[in-house]
Amino acid sequence: MKGFLASMYVGLQIESNWTKKWVWLLYLAAYPIGSFLAVIILYGVFGQKTGLLPYALYGTIFYYSLSMVFFDMAFSVHDDREHYQTLKYIFLSSTSYRTYLCGRAATRYLIALAGIAINLCWLVPVLHLPFHPNWAYLIAGAVLGYLVAAGLGLAMASVFLLTIKLDVDVVDALFGGMFVLSGALFPPTAFPAVFARIAELVPMSPFIELMRRAVSGQILTSFLSDLSTFQLLNRVALSAAVLFALGSVLVAFGSRKAQQKGYIDVTTAF
Amino acid sequence: MHTAIQVENLTRVFNQRGKAPFHALRGVSFDVSYGEIFGLLGPNGAGKTTTIKIMSTLLLPTSGSVAVAGFDVEKDYARVRPLISLISGGETSGYGILTVEEQLWMFSQFYGMETPVARSRIEEYLKVVGMWDSRRQQMNRLSTGMRQKVNLVRGLVTDPKVLFLDEPTLGVDVEASVIIRSIVRDWVQGKPERSVILTTHYMAEADELCSRVAIINHGLILANAAPSQLKQDLDSRAHYEITVDRLDGEQLGLITAFMGEGNDLVLGADKVTNSPMLVAHLMHESDIARLIAALAGQGATLEYMRKLEPTLEDAFLKMVGRRFEDEEAVSPVS
Ligand SMILES: Nc1ncnc2c1ncn2[C@@H]1O[C@H](COP(=O)(O)OP(=O)(O)OP(=O)(O)O)[C@@H](O)[C@H]1O
Ligand SMILES: [Mg+2]
């Protein structure tokens, strides 16, 4: 637990310590805007008639929150090994590497959620978004969503433990691809049936739909509309359990393999 | 009671794509007792870091075994890790945006330490290394020497039983090196169940700190003994430099004959005074009395005399050099 909190602390310091507190708050609020600006232009200006703006905006925002967890975990390995040269010392400590990654990413996630909350304060009135939050679903969904993203992030981290050169493009492509397929941006039901099938299999899509409903208080499109919100929650819980367990196994395997190959403290300068 | 470290027949092979497998360690064995500072001395690529990495659970061996405080590093690494600290020199490790204090506190938390205990140890050791006043400085504002001191404090704060130091004074100025060495020496004596394994390029460092030194080259241990023993083993003769007021070649011949087989005398001149200077390599230290008597018998008056102490560097160069020759004889370059 102490290790987890200390890891959250590292995450916070790395995120915030580079500037004054008020500048950072501004940054916190401004940072997520990049992720949804295109959505507002796409649906709010050009595609007004579709009425899909709330669906796509909420979808994108919550996908963004998961991406923060995923990218943080994936890139921590490389940053700590190559840039800070602390990876080996973290490995040798009593805190497990998984705990460390989870702690750091948890900070990132909370920061992302705070940024989303700040932005919703103006997005909801300005864009007339439906907003009838169900707090119980929101909080449960947020926790489970973190576990989903952490499971994927740990899997990615295990790959990077065994890769000396960081390939940012692969991670971007992977997560970008899932973004398109997950139905965050457009309802897959608008396309041939295969798309909806694929979208349902993307691990983030039930989470995103759950969060849409929990915030808006409505079922916005027919995607996953055959499931009740409670059933959706169960599905998110199931994928959280499976993915987090899988991620944990993979990161343990990756650590052992890295220990065998001598990759825990290797730098590209070597 | 178990020893601090037992290394048995350790080998490590690195497989690299497109290259022949590289044998970094080829059967290394030694052990280290509590209370000892044990030195691994060797040239670049000898296998020092590889050995340290295996002992500190960062790397798995290809074969052989290592036990730290009685626990196997391969199977029981989770039990080993809380008992050890690793400090590598020549790196700029640490979160640059954290202050010295924050950085050290954070690592103490990774070991689950109570914050008040951690804080008081951090204060204690920062004062010892003379960095208490810099505790609020950001890591990336520190000089190399200061960073290395913080790195050392990080290793000590968790109160390990075994401290692994991989070239702890690499790239650090003389003053900081002196401080680091003296802290390491004091630390070992602080509690009975403590020991240090140190790798170094610097002979003087090994000579000054280590109770025992293993000389390693090409993944093999060539010698393992106390520094004084190593110096002696390689060269058991006693060496003296004697300046006299006068001595010629004929007299030298007479004295050499008198001293007998195995005692060599070389006549030269002192660089400053230009007086005759004799370098004597004697079988026994006690032979010096006979030599002085013989000189007096030839009417030479002693101006100056000193004993020449072999350095660890001499021992090292001889040993490593000899090893090279052996290998070339066995396996001609293809
Ligand atoms: N991961 C690796 N892959 C391939 N070869 C390696 C790897 N790590 C070390 N080696 C090789 O093993 C040999 C021993 O390396 P090691 O780092 O143990 O030497 P060292 O005694 O610490 O030398 P130095 O004084 O330069 O630090 C070197 O030739 C090195 O190139
Ligand atoms: Mg080395």
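Residues numbered from 1 in each chain as written. Chains lettered and ligands numbered in written order. Predicted model: local features only at pLDDT ≥ 70, side-chain atom pairs only at ≥ 80, totals over all residues. Heavy atoms only, no water.

Novice: What is the right way to read the interface of chain B and chain A from this model?
Specialist: Many authors give the size of an interface as the accessible area that is lost as the parts come together. Taken together, the 35 residues of chain B in the interface contact 30 residues of chain A. Buried surface at the junction of chain B and chain A, both sides included, amounts to about 3,000 Å², of which 58% is carbon and sulfur. Of all residues in chain B, Leu58, Tyr95 and Phe110 of chain B bury the most surface against chain A, accounting for 26% of the area lost on that side. Residue Asp265 of chain A is joined to Lys53 of chain B by a salt bridge in which the shortest nitrogen-to-oxygen separation is 2.9 Å. Here chain B is connected to chain A by 18 residue pairs in polar contact (both at pLDDT 80 or more). Among the elements of the structure, strand S6 (84-88), helix H3 (100-110) and helix H5 (144-157) of chain B are those that each provide at least two residues to the side of chain B that touches chain A. For the side of chain B that touches chain A, the element with the most residues is H3 of chain B, which contributes six residues. (Contact = heavy atoms within 4.5 Å. Buried area = accessible area lost by both parts, 1.4 Å probe. Salt bridge = Lys/Arg side-chain N within 4 Å of Asp/Glu carboxyl O. Polar contact = N/O pair within 3.5 Å; in protein donor to acceptor, adjacent residues only side chain to side chain. Helix = DSSP H or I, 4+ residues; strand = E, 2+ residues; numbered from the N terminus.)

Novice: What is the right way to look at the sheet that holds strand S9 (residues 212-217) of chain B in this model?
Specialist: Backbone hydrogen bonds hold the strands of a sheet together, and the pairing may be parallel or antiparallel. Residues and elements named next belong to chain B. With respect to topology, six strands assemble into an open sheet ordered S6-S7-S8-S3-S9-S10, the strand pairing being mixed. For this open sheet the edge positions go to S6 and strand S10 (220-225), each flanked by a neighbour on one side alone. Between one strand and the next, the sheet's axes are offset by a mean angle of 15 degrees, whatever the strand orientation. Inspection of the sheet shows S6 paired to strand S7 (residues 162-166) by five bridges, in the parallel sense. Residue pairing across strands places Ser88 opposite Asp166, the latter belonging to S7. Of the strands in this sheet, strand S3 (37-41), S7 and strand S8 (195-200) are in contact with helix H6 (residues 174-190), which crosses S8 at around 155 degrees. (Pairing = 2+ DSSP bridges. Axes fitted to C-alpha atoms, helices over the stretch in contact; angles between N-to-C directions.)

Novice: Teacher, can you tell me more about the side chain of Gln251 of chain B here?
Specialist: Residues and elements named next belong to chain B. With respect to the element layout, Gln251 can be found in helix H9 (residues 249-259). Judged by relative accessible area, Gln251 falls into the buried class, the value being 13%. Ignoring sequence-local partners within four residues, the contact set of Gln251 consists of Arg246 and Gln298. (Buried < 20%, exposed > 50% of the residue type's maximum accessible area, 1.4 Å probe, protein only.)

Novice: Would you explain unusual backbone geometry in this entry?
Specialist: What you tend to see is this: most non-glycine residues have negative phi, and most peptide bonds are trans. Unlike most non-glycine residues, His128 of chain A shows phi in positive territory, near 50 degrees. By relative accessible area, which is 69% here, His128 of chain A ends up exposed. A positive phi angle, close to 50 degrees, is found at Asn9 of chain B, a residue other than glycine. Among the structural elements, Asn9 of chain B can be located in strand S1 (residues 5-14).

Novice: Would you explain the packing of aromatic side chains in this entry?
Specialist: Ring pairs (aromatic) are described by centroid distance and by the angle formed between their planes. Under the defined criterion, the tally for this structure stands at 16 aromatic pairs over all chains. Above the plane of the ring of Tyr89 of chain A lies Arg154 of chain B, whose end atom (NZ or CZ) is 3.6 Å from the centre. (Phe/Tyr/Trp six-rings, centres within 6.5 Å; stacked < 30°, edge-to-face > 60°. Lys NZ or Arg CZ within 6 Å of the ring centre and 35° of its normal.)

Novice: Would you take a moment to explain the site of ligand 1 for this structure?
Specialist: Neighbouring ligand 1 are 15 residues; Asn44, Gly45, Lys48, Thr49 and Thr50 of chain B lie closest to it. More than a single chain frames ligand 1: its nearby residues are located in chains A and B. Within the contact set of ligand 1, an oxygen atom lies 2.8 Å away from a backbone nitrogen or oxygen of Gly45 of chain B. For ligand 1, an oxygen atom lies 2.9 Å from a polar atom in the backbone of Gly47 of chain B. Contact with the protein chains removes 76% of the 640 Å² of surface that ligand 1 exposes when unbound. (Near = heavy atom within 4 Å. Areas by Shrake-Rupley, 256 points an atom, 1.4 Å probe, with all protein chains shown as cover.)

Novice: Looking at this model, I keep getting lost on the environment of Thr49 of chain B. Mind explaining?
Specialist: Residues and elements named next belong to chain B. Counting through the fold element by element, Thr49 comes out in helix H1 (residues 48-55). Among the residues examined, Thr49 registers a relative accessible area of 34% and is labelled partly exposed. A sequence separation of 92 residues divides Thr49 from Arg141, and the C-alpha atoms of the two residues are 28 Å apart.

Novice: It is not clear to me how helix H11 (residues 229-261) of chain A should be interpreted in this structure. Could you clarify?
Specialist: Turn by turn, an α-helix covers 3.6 residues, leaving residues three or four places apart pointing in a common direction. Spanning 33 residues, H11 of chain A covers 47 Å between terminal C-alpha atoms, matching the ideal 48 Å at 1.5 Å per step. Phi turns positive, to about 80 degrees, at Gly262 of chain A, one or two residues after H11 of chain A. (Expected span 1.5 Å × (residues − 1).)

Novice: What exactly am I supposed to notice about the sheet that holds strand S5 (residues 71-72) of chain B here?
Specialist: All names here are of chain B. Reading across from one edge, S2-S1-S4-S5 is the order of the four strands in this open sheet, with antiparallel pairing throughout. Of all strands in the sheet, those bounded by a partner on one side alone are strand S2 (22-32) and S5. Sheet topology places S1 next to strand S4 (residues 63-68); five bridges connect them, and they run antiparallel. Opposite Gln6, over in S4, you have Ala67 as the bridge partner. Sheet contacts for H1: S1, S2 and S4; angle to S1, the most-contacted strand, approximately 120 degrees.

Novice: Help me out: how do you make sense of the pattern of salt bridges in this one?
Specialist: Once their charged atoms are close, side chains differing in charge can pair, the charge on each being opposite to the other. A full pass over the atoms with the stated rule returns 23 salt bridges over all chains. A salt bridge links Asp72 of chain A to Arg108 of chain A; its shortest N-O distance comes to 2.9 Å. On the criterion of sequence distance, the pair formed by Asp72 of chain A in helix H4 (residues 53-83) and Arg108 of chain A in helix H6 (residues 97-127) is long-range, its members being 36 residues apart. A salt bridge links Lys191 of chain B to Asp159 of chain B, with the nearest nitrogen and oxygen atoms 2.7 Å apart. Of this pair, Lys191 of chain B sits in the loop between H6 and S8 while Asp159 of chain B sits in the loop between H5 and S7; the two residues are 32 residues apart in sequence, bridging distant segments of the chain. For Asp159 of chain B, a relative accessible area of 25% corresponds to the partly exposed category. Overlapping salt bridges bring together Arg181, Arg185, Glu205 and Glu208 of chain B as one network.

Novice: Looking at this structure, how should I read a nonpolar patch on the surface?
Specialist: Residues and elements named next belong to chain A. A cluster of nonpolar residues, Val180, Leu181, Phe191, Val194, Phe195 and Ile198, forms a patch on the protein surface that exposes about 500 Å² of accessible area. Where the nonpolar patch is concerned, the elements lending two or more residues are helix H8 (168-181) and helix H9 (193-201). Looking at which element gives the most residues to the nonpolar patch, the answer is H9, with three residues. Given a relative accessible area of 39%, Phe191 falls into the partly exposed group. (Patch = residues over 30% accessible without salt bridge, like charges linked within 9 Å, V, L, I, M, F, W, Y side chains within 5 Å.)

Novice: I tried to follow the packing of H4 of chain A against H6 of chain A on my own but got confused; where do I start?
Specialist: Any two packed helices are characterised by how steeply their axes cross, that is the angle between the axes, and by the distance between the axes. Residue and element names in this part refer to chain A. Where H4 contacts H6, the axes come no closer than 9 Å and their chain directions differ by 155 degrees. In terms of orientation, H4 and H6 fall into the roughly antiparallel class. As for the relative orientation of H4 and H6, their crossing is right-handed in sense. Residue composition of the contact of H4 with H6, by class: 23 nonpolar, two polar and four charged. (Parallel < 35°, antiparallel > 145°, perpendicular 65-115°, else oblique. Left-handed = near helix turned anticlockwise from the far one by under 90°. Nonpolar A, V, L, I, M, F, W, Y, C, P; charged D, E, K, R; others polar.)

Geometry only, nothing functional implied.
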